Amino acid sequence: MRVVVVGTGPAGCAAAIALCRLGRQVVLVGDGLDGVGEQLHPAARPLLNQLGLPRLPGQLTCVGVRSAWHSPRLDDQHFLSHPFGNGWLLDRPLFGETLRQAAVAEGAMLRVPTRLTGLVREGDAAQGWRLQLSDGEEVCDWLVDATGRRGAVARLLGVKRRRFDRQVAIVGWLATDRSDDVDKTLTVERTNSGWWYGCRLPGQRRVAGYVTRSRPDARNWESRLRATRHLGRLV
């Protein structure tokens, strides 16, 4: 049985690894780009162990979350007492490449970068698909849509998207050469117009994201960040 998994992020790679272990012929296709979301909770450890990834080389340890949500004061949630230990602060491209190479090691064929442009049933078979890609075609018996919010396969099948809210996020990365920056937590901070998150990353960098329902102006993103009560002190 030949399975095409569309989407090369964590969900697609995990599906590809599981299917390869079941003896399926797997093709993992996608653009090879990685999204945002730089903190991985300790609850992910058992899942990563199942994927054969008990360690994540090149990533930073995350010892907890600090949040100023219901009050201006930061409250700490330490992972010291968590049964699975600490989490991670992720370099997302490195994390994505680690997962993709794990899928290849299990036997998946990786086809990147490419983009799904068309999808048709193959003949009269109960299962069977022909995929038009930006660099050619693929045929398969089964198809997995692991493209997340984009729903690349679902959209081509005519599935309508249901919108629940209008939240948007602006995420940016900042270089830092501060020798005293040894922070190992994710910081979350609420403001009048939305909320922020931020953390340190491998390679002397920091990430910060602003989530809001209003129409944010990307031009004043950094000035808004530096004006926050807690995150502004860390950049």
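Novice: Outline the overall build of the chain, supporting the account with residue identities and numerical values.
Specialist: Within the chain, the secondary structure is distributed over five helices and 16 strands. Projecting the C-alpha coordinates of the chain onto the three principal axes gives extents of approximately 65 × 40 × 30 Å. Here the contacts in the chain between residues at least 6 apart in sequence split such that 63% fall between residues at least 24 apart. A total of about 13500 Å² of accessible surface is found on the chain, and carbon and sulfur atoms cover 52% of it.

Novice: Give me the lowdown on the side chain of E189, citing residues and values where you can.
Specialist: Tracing the sequence through the fold places E189 in strand β14 (residues 185-190). At 5.3 Å, R229 is the nearest oppositely charged side chain to E189, a buried residue that forms no salt bridge. For E189, the side chain forms a polar contact with the main-chain nitrogen of R229, separated by 2.8 Å. Within the structure, E189 has its side chain in polar contact with the backbone nitrogen of H230 (distance 3.1 Å). Excluding residues that lie within four positions of it along the chain, E189 makes contacts with A68, W195, W196, T228, R229, H230 and L231.

Novice: Give me unusual backbone geometry: which residues, what numbers.
Specialist: Of the consecutive residues V112 and P113, the connecting peptide bond is found in the cis state with omega at -10°. Note that P113 resides in the loop between β8 (109-111) and β9 (116-121).

Novice: Tell me about the nonpolar core, and please be specific about residues and values.
Specialist: Most often, soluble globular proteins have nonpolar side chains that are buried together. Residues V5, V26, L40, L48, L56 and F95 are the most contacted members of the largest nonpolar core, which totals 23 residues. Elements supplying a minimum of two residues to this core: β1 (2-6), α1 (10-21), β2 (25-29) and α3 (92-105). Those residues within four positions of L40 in sequence are excluded, and the remaining contacts are L48, L56, G87, W88, L90 and F95. Formed by 12 residues, the second largest nonpolar core is a distinct cluster that contains V4, L131, L143 and V153.

Novice: Break down α3 for me, citing the residues and quoting the values.
Specialist: Over its 14 residues, α3 runs 20 Å from end to end, which matches the ideal 20 Å to within 8%, given 1.5 Å per residue. Within α3 the residues assigned to the buried category are R92, F95, G96, T98, L99, R100, A102 and A103. Check the buried side of α3 and you find it contacts α1, β2, β3 (39-40), α2 (45-50) and β8. Positioned one or two residues after α3, G107 has a phi angle of 120°, which is positive.

Novice: How would you summarise the sheet that holds strand β6 (residues 75-78) if you had to cite specific residues and measurements?
Specialist: Overall, mixed pairing links the six strands, which are arranged β6-β5-β14-β15-β16-β13 in an open sheet. Lying at the two open borders of the sheet, with one neighbouring strand each, are β6 and β13 (168-175). When the angles between neighbouring strand axes are averaged without regard to direction, this sheet yields 15°.

Novice: Talk me through the state of the cysteines; I want residue IDs and the actual numbers.
Specialist: Evaluation of the coordinates by the stated rule reveals zero disulfides. The thiol sulfur of C62 is not disulfide-bonded, and the nearest other cysteine sulfur, from C199, lies at 7.3 Å. Under the relative-accessibility criterion, C199 is labelled buried at 0%.

Novice: Give a detailed account of the pattern of salt bridges, specifying residues and quantitative values.
Specialist: Proximity of charged atoms lets side chains of opposite charge pair with each other. One pass over the full model with this rule turns up 13 salt bridges. A salt bridge links R205 to D91; its shortest N-O distance comes to 3.6 Å. Highlighted residues: R205 in strand β16 (residues 205-212) and D91 in the loop between β7 (87-89) and α3, separated in sequence by 114 residues. The buried category is assigned to D91, whose relative accessible area is 18%. In this structure, the salt-bridge partner of E138 is R111, at a minimum N-O distance of 2.8 Å. Note that E138 is positioned in strand β11 (residues 136-140) and R111 in strand β8, a separation of 27 residues in sequence. Note on R111: relative accessible area 17%, which makes it buried. What you see here is one network of salt bridges that share partners, running through R2, R111, D135 and E138.

Conventions adopted
- Residues numbered from 1 in each chain as written.
- Predicted model: local features only at pLDDT ≥ 70, side-chain atom pairs only at ≥ 80, totals over all residues.
- Heavy atoms only, no water.
- Helix = DSSP H or I, 4+ residues; strand = E, 2+ residues; numbered from the N terminus.
- Contact = heavy atoms within 4.5 Å.
- Areas by Shrake-Rupley, 256 points an atom, 1.4 Å probe, with all protein chains shown as cover.
- Buried < 20%, exposed > 50% of the residue type's maximum accessible area, 1.4 Å probe, protein only.
- Lys, Arg positive; Asp, Glu negative; His and termini not counted.
- Salt bridge = Lys/Arg side-chain N within 4 Å of Asp/Glu carboxyl O.
- Polar contact = N/O pair within 3.5 Å; in protein donor to acceptor, adjacent residues only side chain to side chain.
- Core = buried A, V, L, I, M, F, W, Y, C linked by side-chain atoms within 4.5 Å.
- Expected span 1.5 Å × (residues − 1).
- Pairing = 2+ DSSP bridges.
- Axes fitted to C-alpha atoms, helices over the stretch in contact; angles between N-to-C directions.
- Disulfide = S-S within 2.5 Å.

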